[in-house]
Amino acid sequence: MKRIISLILSLCLILTAVGCSSTDDEYIYFELPKTPSTLDPQTASEDSELLIIKNCYEGLFRKDSNGKTVLGAAESFKENGLVYTFKIREDAKWSNGEKLTAFDFEFALKRALLPETKAPFASRLFAIENAKAVHSGTLSSQQLGVMAVNEKTLKITLSEADPNFKESLATSVAMPCNEKFFCDAAGKYGLTASNMLSNGSYELTRWRKDPFGIRLYRNEEYSGDFISKNAAVFITCDTEDPLLEKLEKNHIDMAFVDSALKPEIEKIGLQSTSVENICWFLTLSNDFSLDMRKSFIMLIDKSIFSGSLPSGYTAANSIYPHIFESEQTATGLTPYNKEVAKQLYLKELEKLEGKKFPSDVVLYYYDDGFIKNTVTDIVGHWQSNLSAFVNIEAVSKSSLLTPELKSQTYKMALFPVRADSHEIYEYLNKFGVAYNNEPLDKIQENILRNANIVPILFQTTDLAYSKALSNVVMEAENGYIDFSFIVKKD
């Protein structure tokens, strides 16, 4: 009898295990907000590109589901002062069955730092010996502190300590690249499915451009610690049909959504996760005098627009969004002061031709579908308190305005700026500021000193997904989502 009971229990466990493992055969349907232009890890920069690269490639290090940096393609490493020595996993392969070697990482890192590659995140590798000189073109890539000792041993020598170096090696710019495959692609590397080679959890098997569609299947050659818990991910980009309707009807499982739609997401029974990594800025050019710029800024306060803010938007209290939460500071912010603003404005108005505010001033703003109310609240407040009439004009791409952080070529502009990673120097570079370990409150004070730039709003990046999905983790950089963690149940 005991044997019979034991046998029955064993069968139950086996059946339960089979039932659980059936989720390995599920497909996840994901919708991108924008189609990728390239899937070359060294040159990709857009979120839509980084998301796919994150799932098709694996670096020496990788992030686990808790956000911890762990070994990826490397099975071990030793750190001896400024020298890192990595052992590549013996069973590591490319999706075509070829061995993944240390030479693939050597070629990739050297290529990433060549000036002609124009890698947008090359600065993440600047701690490597001679990296800056190679990137500037003053030294050959052969003098870079990266060397494949043999097929499975890679040595990287740094010129200076970098506490974030391991994290950088887990990002797109440090993904491996097979030199022969790259050369055979003849300029088309990362531009079509046939010109991609994966070493990560997924293999890209189809990339259709019109209508857009990408298929990622579990990479059967992958043998690391991140074998996908689902069979495939089908990725589309369809801006024709309402996104929430497709989510509600289970036509898709996951999608990035506008922050303002969060109440509707909850209403229709979807799950969501978000990260606050965007700050909206107003820029004012030197066409206005310093005191006139100050008068405009003194009339900006959350009290004049917070009532019209949709979900996912909050008044900014720093230039640093919450991805840099420990760095947030009010240093350098101009306090709201209606009386002083009027005095400064009227004094400067006396210096203008005809003592009148120009009638052709335009505030250009990125139209995300929700920000217009905030823009009209601000210019309306200027008009009612200063009698300064400012026209507003929407632009369809934020990339048309983000250079204003450095140039201020438009008289006025309002636009979002995204933190691409936790690396503060990358974020500050968007302002044209080099970070040399100065106190961040002092850096903010200097950025705001001339009243050309003022933070207006923080915004979250939001992901909505079906309740059939679990283990959904959104990392605030480098493509956001690792699909290999996700379990889908019918």
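Scroll up a little and you will see the structure.
Keep in mind that this is a model prediction, so the values were computed, not measured. (Residues numbered from 1 in each chain as written. Predicted model: local features only at pLDDT ≥ 70, side-chain atom pairs only at ≥ 80, totals over all residues. Heavy atoms only, no water.)

Draft legend 1. Representation of the overall build of the protein in the model. Along the backbone of the protein there are 15 helices and 19 strands. Its C-alpha atoms give the protein a radius of gyration of 26 Å, near enough to 23 Å, the size a compact globule of 490 residues would have. Along the first, second and third principal axes, the C-alpha atoms of the protein reach 95 × 60 × 45 Å. A total of 490 residues make up the protein; the buried ones form 50% of that total. Taking the contacts inside the protein whose residues are at least 6 apart along the sequence as the reference set, 70% of them involve residues at least 24 apart. Of the roughly 22600 Å² of accessible surface on the protein, a fraction of 49% belongs to carbon and sulfur atoms. Both charge centroids of the protein, one from 52 positive and one from 66 negative side chains, sit 1 Å from each other. (Helix = DSSP H or I, 4+ residues; strand = E, 2+ residues; numbered from the N terminus. Rg over C-alpha atoms; globule rule 2.2 N^0.38 Å. Buried < 20%, exposed > 50% of the residue type's maximum accessible area, 1.4 Å probe, protein only. Contact = heavy atoms within 4.5 Å. Areas by Shrake-Rupley, 256 points an atom, 1.4 Å probe, with all protein chains shown as cover. Lys, Arg positive; Asp, Glu negative; His and termini not counted. Charge placed at Lys NZ, Arg CZ, Asp CG, Glu CD.)

Draft legend 2. Just the side chain of Ser484, in detail. One can find Ser484 in the loop between strand S18 (469-470) and strand S19 (487-488). A polar side-chain atom of Ser484 sits 2.6 Å from a polar atom in the side chain of Asp482. For Ser484, the residues in contact, after removing those within four places along its chain, are Asn55, Arg62, Ser201, Tyr202, Phe226, Ile227, Ser228 and Lys229. (Polar contact = N/O pair within 3.5 Å; in protein donor to acceptor, adjacent residues only side chain to side chain.)

Draft legend 3. Representation of the state of the cysteines. Counted by the stated rule, this structure contains zero disulfides. Free cysteine Cys56: the closest other cysteine sulfur is in Cys177, separated by 14 Å. What makes Cys56 buried here is its relative accessible area of 0%. (Disulfide = S-S within 2.5 Å.)

Draft legend 4. The pattern of salt bridges, seen in detail. Counted by the stated rule, this structure contains 24 salt bridges. Lys347 serves as the salt-bridge partner of Glu348, at 3.8 Å between the closest nitrogen and oxygen. Lys347 sits in the partly exposed class, given a relative accessible area of 39%. Across the salt bridge formed by Glu348 and Lys351, the nearest N and O atoms sit 3.1 Å from each other. In this structure Glu348 comes out as buried when scored by relative accessible area, which is 5%. (Salt bridge = Lys/Arg side-chain N within 4 Å of Asp/Glu carboxyl O.)

Draft legend 5. Focus on the pairing of strand S11 (residues 254-257). Residues Met254 and Phe256 line one face of S11 and the alternating positions Ala255 and Val257 line the opposite face, and both faces are buried. One ladder, built from two bridges, connects strand S1 (residues 27-31) with S11; its direction is parallel. In the sheet register, Phe30 faces S11, and the bridge partner there is Met254. Here S11 runs beside strand S17 (residues 453-465); their pairing, made up of four bridges, is antiparallel. Bridged to Phe256 within S17 is Leu463. (Pairing = 2+ DSSP bridges.)

Take it as geometry only, folks, not as evidence of what the structure does.
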